[in-house]
Amino acid sequence: MKNQILSFKDVTMIYHTAQGETAAVKDLNFYVQRGEFVAIIGPSGCGKTTILSLAAGLLNPSGGKISVADNVTFGYMLQKDELFPWRTIEKNILLPLEIKNTHTAENRKKALDLAIKYGLGDFLKSYPDQLSGGMRQRAALIRTLASDPTMLLLDEPFSALDYQTRLNVCDDVYNIIRSEKKTALLITHDISEAISVADRVLVLSKRPAHVVGEHVLHFDANTKPLQRREEKEFSGWFEMLWRQLNV
Amino acid sequence: MKKTKAEFSREHLLYLKKQKRVSLVVQITRILLLVLLLGVWELLADLQIVNPFITSSPSRIVLTIGSLYVEGTLFYHVGVTLGETLAGFAIAVVAGYLIALLLWWSETLRRILEPYIVVLNSLPKIALGPLIIIWCGTGSKAIVAITVLIGIIIAILNMLSGFIATDKNKILLLQSMGAGKIQILQKLVIPSSLPTFISMLKINVGMAWIGSIMGEYIVSKAGLGYLIVYGGQVFKLDLVMAATVILCTLAGIMYFLVVLLEKLVVKNGRN
Ligand SMILES: Nc1ncnc2c1ncn2[C@@H]1O[C@H](COP(=O)(O)OP(=O)(O)OP(=O)(O)O)[C@@H](O)[C@H]1O
Ligand SMILES: [Mg+2]
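Residues numbered from 1 in each chain as written. Chains lettered and ligands numbered in written order. Predicted model: local features only at pLDDT ≥ 70, side-chain atom pairs only at ≥ 80, totals over all residues. Heavy atoms only, no water.

So, the overall build of chain A
The number of helices and strands found in chain A is 9 helices and 9 strands. A compact globule built from 247 residues should have a C-alpha radius of gyration of about 18 Å, and chain A, at 18 Å, falls within 12% of that. In terms of principal-axis extent, the alpha carbons of chain A reach across some 50 × 45 × 40 Å. Once local pairs closer than 6 in sequence are excluded, the contacts in chain A between residues at least 24 apart make up 72%. Counting only carbon and sulfur atoms, one obtains 50% of the accessible surface of chain A, whose full area is about 11,300 Å². Each charge sign in chain A was given a centre, from 30 positive and 29 negative side chains, and these centres are 3 Å apart. (Helix = DSSP H or I, 4+ residues; strand = E, 2+ residues; numbered from the N terminus. Rg over C-alpha atoms; globule rule 2.2 N^0.38 Å. Contact = heavy atoms within 4.5 Å. Areas by Shrake-Rupley, 256 points an atom, 1.4 Å probe, with all protein chains shown as cover. Lys, Arg positive; Asp, Glu negative; His and termini not counted. Charge placed at Lys NZ, Arg CZ, Asp CG, Glu CD.)

Structure below.
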């Protein structure tokens, strides 16, 4: 399909260490379409992070094929914000441009405009430890977006936050990703989080991970994550995913 | 975002005042303690309760330093020791840092060299003194070599553990941005290990003085360590004490400079 921006075909990943080998991923098949928001849920330790590392090309699969559409670039967002404490928020946000050597005045402006647009304008000269957890995670997202990636890979980006902040930041991040029209692949072990943001949810088995269920969610495109939680389908989806996750 | 004084509550102002008073008391007591110790020492010596020939006394120390100054040898000896210490310190720190970088870079090299470093670390470096004298002669070069030897292993081990402790997730993040090893080093490993670097400098200030003074004990014709040994041999305890006092002062100043550097580069614990 030409709209597929990322696809895994029979992908297997085995880690080798002195202690032995661990099959983290086995015969994994899935795809992500352009503009889609896909959530992957799976039991802890099943190989979720491995899947993102494979997608980003940080790991080579032991078998199978991973296809990435032409000119697709990835932006990675981790569980913790991983802002560098010795850099100001501005310098943190511009980090990907420094690394990729695309530190032009135009790119700089684009990245900083994005920061201002999403409410970080007043904090650009602050250091990360002066920001709240939610603000820091937002800064981390803007940093991810700074290099204008085609697709975002989100590895449980909210799980380090307390519940209240988490709901808000999730809403926040969802809105930014949507309005910037990015494709996103979100890893989470939180079922309700997956339902509240995704167009499609994939359920993984225990390790070695493979897809055991796929669900297209039919929420109205304009319902925000917090609103989705109020919808009547929500609990139905939750129950189904919960059961599938616990077989 | 610091509040100005006017914005604080009355209670907080009282609290600040109390803190200030406490630290003032600490400082005054510190100075009084020194004065008291010196006073008692002087008094005991003056009244011949203890033998000033063996214990010296503050006034005799001052006189000795004065006469060294008049003879014109004070700054000569201080200069020799200071030069050796600083040279040894600088070489140990720079070379240690670079070697640690190399060991961070190549895990294989690290594994190959590990047992050697462990053995060198536990070896009392001073045991190599005679060898060094044979290799480097009996001049300042030998003393610098001993100083380097004492400091470098500690510099390597400290920095290496600092480099290795770099947050794995931050490395992953940089890799996901396409960073290579040099960029990871430059953007992450070096800046995040700055606190380790400062604490390594602090340790090595002490090591450098140990190195240079020990070195001068074994082989020297000048320097504070030489004065101490010489003073001991001819039973001039005033000279021994005077050199020790100068040594304390210099070591204190050097440590203070490192602390100043720390204040400059590590702001609010964020490097
Ligand atoms: N670099 C590695 N070397 C060896 N084994 C690894 C490595 N990384 C992960 N593993 C193993 O592979 C399995 C899957 O790890 P992964 O981190 O992908 O799981 P996860 O689903 O993201 O876990 P979590 O829920 O804890 O985030 C685990 O058993 C882990 O121990
Ligand atoms: Mg994980």
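Some points on the packing of helix α4 (residues 105-117) of chain A against helix α5 (residues 133-146) of chain A
All names here are of chain A. Put simply, α4 and α5 touch, their axes get as near as 9 Å, and they point 150° apart. In this view, α4 runs roughly antiparallel relative to α5, as classed from their interaxial angle. When you trace α4 past α5, the crossing you get is right-handed. Residue-level inspection shows A111, L114 and A115 of α4 in contact with α5, the latter providing I142, L145 and A146. Broken down by class, the residue content of the contact of α4 with α5 amounts to 6 nonpolar, no polar and no charged. (Axes fitted to C-alpha atoms, helices over the stretch in contact; angles between N-to-C directions. Parallel < 35°, antiparallel > 145°, perpendicular 65-115°, else oblique. Left-handed = near helix turned anticlockwise from the far one by under 90°. Nonpolar A, V, L, I, M, F, W, Y, C, P; charged D, E, K, R; others polar.)

Points about the site of ligand 1
Residues and elements named next belong to chain A. Neighbouring ligand 1 are the residues Y15, T17, A24, S44, G45, C46, G47, K48, T49, T50, E156 and R207. Measuring from an oxygen atom of ligand 1, one finds a backbone N or O atom of G47 at 3.0 Å. Between ligand 1 and T49, the relevant distance is 2.6 Å, taken from an oxygen atom to a side-chain nitrogen or oxygen of the residue. Protein coverage of the free-state accessible area of ligand 1, which is 630 Å², stands at 61%. Among the elements of the structure, β1 (4-17) and α1 (48-55) are those that each provide at least two residues to the shell around ligand 1. Among the elements that take part in the shell around ligand 1, α1 stands out by supplying 3 residues, more than any other. Across the shell around ligand 1, the residue classes tally to 3 nonpolar, 6 polar and 3 charged. (Near = heavy atom within 4 Å. Polar contact = N/O pair within 3.5 Å; in protein donor to acceptor, adjacent residues only side chain to side chain.)

A word on the pattern of salt bridges
Within this structure, the stated rule accounts for 21 salt bridges over all chains. Across the salt bridge formed by E239(A) and R243(A), the nearest N and O atoms sit 2.9 Å from each other. One end of the pair, E239(A), and the other, R243(A), are both in helix α9 (residues 233-245), 4 residues apart, so they sit about a helical turn from each other. Since its relative accessible area comes to 47%, E239(A) is described here as partly exposed. For R243(A), a relative accessible area of 54% puts it in the exposed group. Across the salt bridge formed by K170(B) and D167(B), the nearest N and O atoms sit 3.5 Å from each other. Relative accessible area serves as the criterion here: at 12%, K170(B) is assigned to the buried category. (Salt bridge = Lys/Arg side-chain N within 4 Å of Asp/Glu carboxyl O. Buried < 20%, exposed > 50% of the residue type's maximum accessible area, 1.4 Å probe, protein only.)

What to know about the pairing of strand β7 (residues 183-188) of chain A
Residues and elements named next belong to chain A. Summarising burial for β7: 6 of the 6 residues are buried, a large majority. Of the two faces of β7, both are covered, the one formed by T183, L185 and I187 as well as the one formed by A184, L186 and T188. Where strand β3 (residues 37-41) and β7 come together, 5 bridges link them in parallel fashion. Of the residues in β7, the one forming a bridge with I40 is I187. Summarising the sheet, strand β6 (residues 151-155) and β7 pair through 5 bridges and their orientation is parallel. Within β7, the residue paired with L154 across the bridge is L186. (Pairing = 2+ DSSP bridges.)

Concerning α5(A)
Since there are 3.6 residues in each turn of an α-helix, residues three or four apart along the chain are aligned in direction. Residues and elements named next belong to chain A. Taking 1.5 Å of rise per residue, the 14 residues of α5 would be expected to cover 20 Å, and the 20 Å separating its terminal C-alpha atoms lies within 8% of that figure. Taking burial as the measure, the 14 residues of α5 include 12 buried ones, the bulk of the element. Within the span of α5, buried status applies to G134, M135, Q137, R138, A139, A140, L141, I142, R143, T144, L145 and A146. Phi turns positive, to about 55°, at D148, one or two residues after α5. (Expected span 1.5 Å × (residues − 1).)

Looking at the packing of aromatic side chains
All names here are of chain B. Tallying each qualifying case throughout the model produces 9 aromatic pairs over all chains. Ring centres of W104 and W105 lie 6.2 Å apart, and the angle between their planes is 70°; this geometry places the pair in the edge-to-face category. W104 gets classed as buried once you look at its relative accessible area, which sits at 12%. Centroid distance Y226 to Y230: 5.9 Å. Interplanar angle 15°. Geometry classified as stacked. (Phe/Tyr/Trp six-rings, centres within 6.5 Å; stacked < 30°, edge-to-face > 60°.)

Focus: the domain arrangement of chain A
Residues and elements named next belong to chain A. For chain A, the assigned domains read domain 1 (1-72 + 152-247) and domain 2 (82-149). Here the C-alpha centre of domain 2 lies 25 Å away from the C-alpha centre of domain 1. With 12 residues of domain 1 in contact, the opposing surface of domain 2 contributes 12 residues. Counting the surface lost from both domain 1 and domain 2, the interface buries some 1,000 Å², and carbon and sulfur atoms represent 66% of this. With a closest N to O distance of 3.1 Å, K117 and E180 form a salt bridge. At the junction of domain 1 and domain 2, the tally comes to 7 residue pairs in polar contact (both at pLDDT 80 or more). (Domains from an automatic or database assignment. Buried area = accessible area lost by both parts, 1.4 Å probe.)

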